[in-house]
Amino acid sequence: ANATHAFGGARSCPEHKTKAAQANAIAAAPRQRPRQKMDRPPPPSLTDHDADGLVFNSSFDHANLKHAERARDGAWDLTMAKDAENTSNEKRSSTWFYFRVRDEREGPKRQARFRFAGMARQGQLYKHGHRPVVRRMKDKQQLGNEKCWSTLTGSGGWKRLNNCSYRDQGDRTGDLQFDYLFGEKGDEVEFAFCFPYAYEESLATHREVLKRVTGDIVVYNELLCFSAEGRRIEMLTVTDNHGADKREEDLLYDHADVASTSHLFPEVRDGTATRPPRYPEKAEVIISARVHPGETPASFVLDGLLELLLRPDDRRAKVLRRNYVFRFIPQLNPDGVHRGHY
């Protein structure tokens, strides 16, 4: 049987061909809800900030760096923004950093030392081998930019830094220092606290993955809702054709003991998509990630399970698809992810 992989929850049944075409057209150019007026300013960031020959950027998805300057000893002192900085929701956390640096220095010297002071304390992580990561922008471009995780395997071009030191301070903060040797003038790299997985990367990755579905695997990609800032929160459903009911999954409706549900499945409610069929004999498994936006390992665990379930000939995957309906919500907090919160 041909694979069913429909965006927007469109079904492959004959009576739903028209809506399936509509849903797939929507997926090709996913809509954004008009942004609500934000009650907080954009996060502090840098755009082409030249600090004595090194040019810093952090005005992109998932990034966090608010200041960079050259110190007297030749190192570059860096400061990250706190979560929700300059708002009533400002947190103490100063853990997540992600930024780009381009070397525009004249002359042959390409070594650079970077320092963070006053970070949230993370001594146990570094004691057990944790290290920041680095990636050359050329490597990211070769992997497809936002599609860099679409194989659901590999490192995405990232490598751990070797020349790194960390020290806990008495005020429950920590200081981090690492060195990097740029290749040549104009060389641009990214540094991050750990392997990043940005909001736009998640959308691009899972769209690429669904294009490769084969066999009797059934996959739906639905718009579950919009975030407070208008970003898409999507839900992937994975199973097989066995046990499909002619009836579609219900919309969730308000009850006295639950919060309002009128914001869920907006494309179904406005008639541009349909829900998947019911599978009344199958148990359901829900997997979500990134309610805490800086916990990027959760995204890789989610992708690892998704990669297994999409193997057409793997005996374990076949048994799981036959007996269960899996619901994946890759990013529950896309606003926090985009803003570089931890």
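Structural data are supplied above this passage.
Residues numbered from 1 in each chain as written. Predicted model: local features only at pLDDT ≥ 70, side-chain atom pairs only at ≥ 80, totals over all residues. Heavy atoms only, no water.

Peer 1: Pulling in residues and values, what's your account of the pairing of strand β7 (residues 111-120)?
Peer 2: Of the pairings in the sheet, the one linking strand β5 (residues 76-79) to β7 comprises three bridges and is parallel in character. Bridge pairing links Leu-78 to Phe-116 in β7. Examined bridge by bridge, β7 and strand β11 (residues 173-181) share eight bridges and lie antiparallel to one another. In the strand pairing of β11, Gln-111 is matched with Leu-181. (Pairing = 2+ DSSP bridges. Helix = DSSP H or I, 4+ residues; strand = E, 2+ residues; numbered from the N terminus.)

Peer 1: Tell me about the pattern of salt bridges, and please be specific about residues and values.
Peer 2: Going through the model one piece at a time under the given rule, you end up with 34 salt bridges. Two residues, Arg-70 and Asp-52, come together in a salt bridge whose shortest N-O distance is 2.6 Å. One end of the pair, Arg-70, is in strand β4 (residues 67-70); the other, Asp-52, is in the loop between β2 (49-51) and β3 (54-57), with 18 residues separating them in the sequence. Notably, a salt bridge pairs Arg-115 with Asp-73, separated by 2.6 Å at the nearest N-O pair. Residue Arg-115 is found in strand β7, and its partner Asp-73 is found in the loop between β4 and β5; the two are separated by 42 residues along the sequence. Given a relative accessible area of 55%, Asp-73 falls into the exposed group. (Salt bridge = Lys/Arg side-chain N within 4 Å of Asp/Glu carboxyl O. Buried < 20%, exposed > 50% of the residue type's maximum accessible area, 1.4 Å probe, protein only.)

Peer 1: An account of the sheet that holds β5 is requested, with residue identities and associated values reported.
Peer 2: Pairing between the strands of a sheet comes from backbone hydrogen bonds, and it takes one of two forms, parallel or antiparallel. As summarised here, the arrangement of the five strands in space is β4-β5-β7-β11-β10, forming an open sheet in which the pairing is mixed. Of all the strands in the sheet, just β4 and β10 (164-168) have a single pairing partner and so form its edges. Going from strand to strand, the sheet's axes swing by 20° on average, the running direction of each strand aside. (Axes fitted to C-alpha atoms, helices over the stretch in contact; angles between N-to-C directions.)

Peer 1: So what's going on with the side chain of Asp-61? Which residues, and what values?
Peer 2: Mapped onto the secondary structure, Asp-61 falls in the loop between β3 and β4. One buried charged residue, Asp-61, remains without a salt bridge, the closest side chain of opposite sign being Arg-231 at 6.0 Å. Aside from chain neighbours lying at most four places away, what touches Asp-61 is Tyr-98, Ala-198, Tyr-199, Glu-200 and His-338. (Lys, Arg positive; Asp, Glu negative; His and termini not counted. Contact = heavy atoms within 4.5 Å.)

Peer 1: Tell me what's going on with the packing of aromatic side chains, and back it up with residues and numbers.
Peer 2: In this description, a pair of aromatic rings is defined by centroid distance and the angle of the planes. For the coordinates displayed, the defined rule picks out 25 aromatic pairs. Each ring, one from Phe-97 and one from Phe-178, has its centre 6.4 Å from the other, and the planes form 15°; the classification is stacked. On the criterion of sequence distance, the pair formed by Phe-97 in the loop between β5 and β6 (98-103) and Phe-178 in strand β11 is long-range, its members being 81 residues apart. Here the two residues Phe-97 and Phe-178 agree in accessibility, since each one is buried. An angle of 85° between the planes, with centres 5.9 Å apart, marks the rings of Phe-193 and Tyr-342 as edge-to-face. On the criterion of sequence distance, the pair formed by Phe-193 in the loop between β12 (188-192) and α4 (199-211) and Tyr-342 in the segment after α8 (334-339) is long-range, its members being 149 residues apart. Looking at Phe-193, the relative accessible area reads 3%, which means it is buried. In this structure, Arg-100 is placed above the aromatic ring of Phe-60, and the distance from its NZ or CZ to the ring centre is 3.8 Å. Positioned above the aromatic ring of Phe-265, the side-chain terminus of Arg-275 is 3.9 Å from the ring centre. (Phe/Tyr/Trp six-rings, centres within 6.5 Å; stacked < 30°, edge-to-face > 60°. Lys NZ or Arg CZ within 6 Å of the ring centre and 35° of its normal.)

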